[in-house]
Amino acid sequence: MEDSGTANSGTDAYYEEDGAARQDADGGRPARQGLARYARPALIAGGIIAVVCVALLVIIFFLDSFNATVYSVGGQDVQDATDQAKAIRENYAGARAGGIVFLALGVALAAAGGLVLYRHRDEAGSDDGDNGEDVDFEDLGGR
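About the criteria used
Residues numbered from 1 in each chain as written. Predicted model: local features only at pLDDT ≥ 70, side-chain atom pairs only at ≥ 80, totals over all residues. Heavy atoms only, no water. Helix = DSSP H or I, 4+ residues; strand = E, 2+ residues; numbered from the N terminus. Buried < 20%, exposed > 50% of the residue type's maximum accessible area, 1.4 Å probe, protein only. Contact = heavy atoms within 4.5 Å. Areas by Shrake-Rupley, 256 points an atom, 1.4 Å probe, with all protein chains shown as cover. Salt bridge = Lys/Arg side-chain N within 4 Å of Asp/Glu carboxyl O. Phe/Tyr/Trp six-rings, centres within 6.5 Å; stacked < 30°, edge-to-face > 60°. Lys NZ or Arg CZ within 6 Å of the ring centre and 35° of its normal. Expected span 1.5 Å × (residues − 1). Axes fitted to C-alpha atoms, helices over the stretch in contact; angles between N-to-C directions. Parallel < 35°, antiparallel > 145°, perpendicular 65-115°, else oblique. Left-handed = near helix turned anticlockwise from the far one by under 90°. Nonpolar A, V, L, I, M, F, W, Y, C, P; charged D, E, K, R; others polar.

Attention now goes to the overall build of the protein. Per the secondary structure count, the protein includes 5 helices and 0 strands. Counting over 143 residues, the protein shows a buried share of 14%. Across the protein, contacts joining residues at least 24 apart in sequence account for 73% of those joining residues at least 6 apart. Summed over its atoms, the accessible surface of the protein is roughly 11400 Å², and 58% of this surface lies on carbon and sulfur atoms.

Here it is as C-alpha coordinates:
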(Lines give C-alpha, C1' and ligand atoms only; values in the text may rest on other atoms or scores of the structure.)
Protein backbone atom coordinates (compact mmCIF):
# COMPACT_ATOMS: atom_id res chain seq x y z
CA MET A 1 0.00 0.00 0.00
CA GLU A 2 1.39 3.37 -1.03
CA ASP A 3 1.28 6.37 1.26
CA SER A 4 -0.44 9.24 -0.54
CA GLY A 5 1.73 11.80 1.21
CA THR A 6 4.95 10.51 -0.38
CA ALA A 7 3.71 10.09 -3.97
CA ASN A 8 4.71 13.61 -4.97
CA SER A 9 8.08 14.82 -3.84
CA GLY A 10 6.89 18.44 -3.90
CA THR A 11 9.06 19.54 -6.80
CA ASP A 12 7.80 21.80 -9.55
CA ALA A 13 8.63 19.17 -12.17
CA TYR A 14 5.27 17.57 -11.43
CA TYR A 15 3.43 20.57 -12.93
CA GLU A 16 3.93 20.65 -16.66
CA GLU A 17 2.36 24.06 -17.26
CA ASP A 18 3.54 26.95 -15.17
CA GLY A 19 0.41 29.02 -15.98
CA ALA A 20 -2.06 26.26 -15.09
CA ALA A 21 -2.45 27.33 -11.46
CA ARG A 22 -3.04 30.96 -12.38
CA GLN A 23 -5.62 29.99 -14.95
CA ASP A 24 -7.65 28.03 -12.40
CA ALA A 25 -7.18 30.58 -9.63
CA ASP A 26 -9.04 33.40 -11.38
CA GLY A 27 -12.13 31.26 -11.96
CA GLY A 28 -12.28 31.99 -15.65
CA ARG A 29 -13.47 35.55 -15.11
CA PRO A 30 -12.04 38.25 -17.34
CA ALA A 31 -9.33 40.41 -15.84
CA ARG A 32 -10.58 43.96 -15.43
CA GLN A 33 -8.43 46.96 -16.24
CA GLY A 34 -8.13 50.40 -14.62
CA LEU A 35 -10.87 51.55 -12.27
CA ALA A 36 -13.03 48.53 -13.03
CA ARG A 37 -10.59 46.40 -11.04
CA TYR A 38 -11.48 48.29 -7.86
CA ALA A 39 -15.19 48.79 -8.55
CA ARG A 40 -16.49 45.59 -6.94
CA PRO A 41 -14.47 45.98 -3.70
CA ALA A 42 -15.53 49.64 -3.56
CA LEU A 43 -19.17 48.65 -3.98
CA ILE A 44 -18.91 46.06 -1.22
CA ALA A 45 -16.98 48.34 1.15
CA GLY A 46 -19.36 51.24 0.54
CA GLY A 47 -22.35 49.04 1.23
CA ILE A 48 -20.86 47.73 4.45
CA ILE A 49 -19.93 51.24 5.62
CA ALA A 50 -23.45 52.49 4.86
CA VAL A 51 -25.12 49.61 6.73
CA VAL A 52 -22.87 50.06 9.78
CA CYS A 53 -23.51 53.82 9.83
CA VAL A 54 -27.27 53.36 9.57
CA ALA A 55 -27.11 50.90 12.49
CA LEU A 56 -25.02 53.41 14.47
CA LEU A 57 -27.47 56.22 13.79
CA VAL A 58 -30.43 54.06 14.82
CA ILE A 59 -28.68 53.15 18.07
CA ILE A 60 -27.89 56.82 18.74
CA PHE A 61 -31.52 57.74 18.07
CA PHE A 62 -32.73 55.20 20.63
CA LEU A 63 -30.14 56.31 23.20
CA ASP A 64 -31.15 59.96 22.74
CA SER A 65 -34.81 59.02 23.11
CA PHE A 66 -34.05 57.02 26.25
CA ASN A 67 -32.03 59.86 27.81
CA ALA A 68 -34.74 62.39 27.00
CA THR A 69 -37.39 60.11 28.49
CA VAL A 70 -35.43 59.54 31.69
CA TYR A 71 -34.75 63.29 32.00
CA SER A 72 -38.41 64.18 31.46
CA VAL A 73 -39.66 61.77 34.17
CA GLY A 74 -38.81 64.38 36.79
CA GLY A 75 -41.12 66.91 35.12
CA GLN A 76 -38.33 68.63 33.17
CA ASP A 77 -38.15 69.12 29.40
CA VAL A 78 -35.07 68.22 27.37
CA GLN A 79 -35.65 71.36 25.28
CA ASP A 80 -35.15 73.63 28.30
CA ALA A 81 -32.34 76.17 28.34
CA THR A 82 -30.61 74.58 31.33
CA ASP A 83 -27.07 73.28 31.20
CA GLN A 84 -28.17 69.75 32.04
CA ALA A 85 -30.73 69.67 29.17
CA LYS A 86 -28.11 71.07 26.79
CA ALA A 87 -25.65 68.37 27.86
CA ILE A 88 -28.26 65.67 27.21
CA ARG A 89 -29.06 67.11 23.77
CA GLU A 90 -25.39 67.25 22.79
CA ASN A 91 -24.42 63.93 24.37
CA TYR A 92 -24.03 62.06 21.08
CA ALA A 93 -23.52 65.01 18.73
CA GLY A 94 -20.03 63.93 17.63
CA ALA A 95 -21.02 60.34 16.97
CA ARG A 96 -24.13 61.48 15.12
CA ALA A 97 -22.16 63.89 12.90
CA GLY A 98 -19.50 61.25 12.20
CA GLY A 99 -22.16 58.68 11.41
CA ILE A 100 -23.84 61.01 8.94
CA VAL A 101 -20.53 61.91 7.25
CA PHE A 102 -19.44 58.28 6.93
CA LEU A 103 -22.91 57.28 5.75
CA ALA A 104 -22.64 59.84 2.95
CA LEU A 105 -19.14 58.63 2.08
CA GLY A 106 -20.24 54.98 2.09
CA VAL A 107 -23.21 55.68 -0.16
CA ALA A 108 -21.02 57.72 -2.52
CA LEU A 109 -18.40 54.95 -2.63
CA ALA A 110 -21.02 52.29 -3.32
CA ALA A 111 -22.65 54.44 -5.99
CA ALA A 112 -19.30 55.10 -7.70
CA GLY A 113 -18.42 51.40 -7.64
CA GLY A 114 -21.82 50.47 -9.03
CA LEU A 115 -21.54 53.08 -11.77
CA VAL A 116 -18.11 51.85 -12.84
CA LEU A 117 -19.32 48.24 -12.84
CA TYR A 118 -22.35 49.23 -14.90
CA ARG A 119 -20.26 51.14 -17.42
CA HIS A 120 -17.76 48.28 -17.87
CA ARG A 121 -20.26 45.41 -17.84
CA ASP A 122 -19.83 44.47 -21.52
CA GLU A 123 -16.09 44.95 -21.85
CA ALA A 124 -14.01 41.87 -22.52
CA GLY A 125 -11.04 41.33 -20.29
CA SER A 126 -7.49 40.82 -21.50
CA ASP A 127 -7.98 37.03 -21.36
CA ASP A 128 -11.14 37.07 -23.46
CA GLY A 129 -10.69 36.76 -27.14
CA ASP A 130 -12.37 35.05 -30.02
CA ASN A 131 -10.31 31.97 -30.68
CA GLY A 132 -12.42 31.05 -33.71
CA GLU A 133 -14.08 28.08 -32.04
CA ASP A 134 -17.87 27.94 -32.38
CA VAL A 135 -19.45 25.75 -29.73
CA ASP A 136 -23.19 25.19 -29.62
CA PHE A 137 -25.50 23.18 -27.37
CA GLU A 138 -25.15 19.91 -29.28
CA ASP A 139 -21.37 20.06 -29.02
CA LEU A 140 -21.58 20.58 -25.30
CA GLY A 141 -24.17 17.85 -24.86
CA GLY A 142 -22.10 15.32 -26.77
CA ARG A 143 -24.61 14.70 -29.54
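Bringing the pattern of salt bridges into the picture now. Applying the stated rule across the entire model yields 2 salt bridges. A salt bridge links D64 to R96; the nearest nitrogen and oxygen atoms lie 2.1 Å apart. Here R96 lies in helix α4 (residues 93-119) and D64 lies in helix α2 (residues 36-72), a separation of 32 residues in the sequence. Of the residues examined, D64 reaches a relative accessible area of 18% and is grouped as buried. The salt bridge partner of R121 is D122, with a shortest N-O separation of 3.9 Å.

Tracing the backbone shows V78 in the loop between α2 and α3 (83-89). Here the alpha-carbon distance between V78 and R89, two residues 11 residues apart in the chain, equals 7.1 Å. Ignoring sequence-local partners within four residues, the contact set of V78 consists of A68, Y71, A85, I88 and R89.

A full pass over the atoms with the stated rule returns 1 aromatic pair. Between F61 and F62, the aromatic rings sit 5.6 Å apart at their centres with planes inclined by 65 degrees, giving edge-to-face as the arrangement. The exposure class of F62 is exposed, given its relative accessible area of 54%. Lying across the ring of Y118, R121 places its NZ or CZ 4.0 Å from the centre.

Here α2 contains 37 residues, and its C-alpha end-to-end distance of 54 Å stays within 8% of the 54 Å for a straight helix at 1.5 Å per residue. Among all positions in α2, only A36, A39, A42, G46, A50, C53, L57, I60, D64 and Y71 are buried. Among the structural elements, α3 and α4 are those in contact with the buried residues of α2.

Running from N to C, α2 and α4 cross one another at 155 degrees; their axes reach a closest spacing of 7 Å. When the interaxial angle is binned, α2 and α4 end up roughly antiparallel. For α2 against α4, the interelement crossing comes out left-handed. Counted by class, the contact of α2 with α4 contains 21 nonpolar, 6 polar and 3 charged residues.

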